[in-house]
Amino acid sequence: MSEQEQLKEVRALAQAGRWDEILPLIRAGVIRCDTAVVVGLANPLERVPLLVLAIRRRANCAFLTELIALRADVEFSARVRNVSGRRGITATALMAAARRGHVEAIAMLLAAKAGLGVKDRNDRTALMHAVMHEYPAAASRLLAAKANANTSDRFCTALGRAASTASESLVRVLLNAK
C-alpha cells in the first residue's frame, strides 16, 4: 500500500471515529504518531496531525493518552497555506482541546508540556480559544497552569472577549486570575 493510500485509510478511520484501528498501525510502524492528514475538501492544503484531529473529533481519552505515550509531538500543529500562499498555524492540540472545552485533554497535554503561549495565525493562544468558545472550565484549567490572563489577539483581550460573549462565569474566571 502506498503512503497516499495509507493516509487516506487513516483519514477514513479517524472520520469514522475508529481510533482503536489506528493505534495498531502506529505501533507496527505503518504510520508515525505525528502523521498529518488532509481532512477536508474545503481546504486541501490544510494538514492536521492525528493528535489535533483526535481532539477535534472528540476521541476518547484512552486514545489520546496512548498517542501521547507513543511520543506524539504535542506542539506539532495543524498548518494551512491559503490561496495567497500565506502560511500559519491553525491549531495546536492544546488550542483544539480548549476550543472544544475538552478539560481532560487539556490536562493531558499540559502534563506532556504543551506550550501555553503558542499563538495561531490570528495571535490567539489556547486560553483565547477557550474564552471565544465560552468554556469557563477550560479557561480555568489553563489559567491554573499559568496561562497569561492578559493575553490578546489582533482584536481584543481575553477579558474583552469574555465580556462580549456576556458570559458572567468567564469574566469571573479571568478577573479572579489577575
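Structure report, in brief.

Basis of the calculations
Residues numbered from 1 in each chain as written. Predicted model: local features only at pLDDT ≥ 70, side-chain atom pairs only at ≥ 80, totals over all residues. Heavy atoms only, no water. Helix = DSSP H or I, 4+ residues; strand = E, 2+ residues; numbered from the N terminus. Buried < 20%, exposed > 50% of the residue type's maximum accessible area, 1.4 Å probe, protein only. Areas by Shrake-Rupley, 256 points an atom, 1.4 Å probe, with all protein chains shown as cover. Arc of directions from axis to C-beta. Contact = heavy atoms within 4.5 Å.

### Considering the overall build of the protein chain
Counting its secondary structure elements, the protein chain contains 10 helices and 4 strands. Expressed as a percentage of the 178 residues in the protein chain, the buried residues total 46%. For the protein chain, the exposed area adds up to about 9000 Å²; of that, 50% sits on carbon and sulfur atoms.

### Quick word on the environment of lysine 119
Relative to the helices and strands, lysine 119 is located in the loop between α6 (103-111) and α7 (126-132). The exposure class of lysine 119 is partly exposed, given its relative accessible area of 37%. A C-alpha to C-alpha distance of 9.1 Å links lysine 119 and threonine 90, two positions 29 residues apart in sequence.

### Notes on helix α4 (residues 61-69)
Every buried residue of α4 is accounted for by Cys61, Phe63, Leu64 and Leu67. Projected down its long axis, α4 shows its buried positions confined to an angular sector of 160°, all on one face. Exposed residues lying more than 90 degrees from the buried face of α4 are Ala62 and Ala69. Buried-residue contacts for α4 involve α2 (23-27), α3 (50-56) and α6. Trailing α4 by a residue or two, arginine 71 shows a phi angle of about 70°, which is positive.

Note that all results are geometric; they support no functional claim without further evidence.
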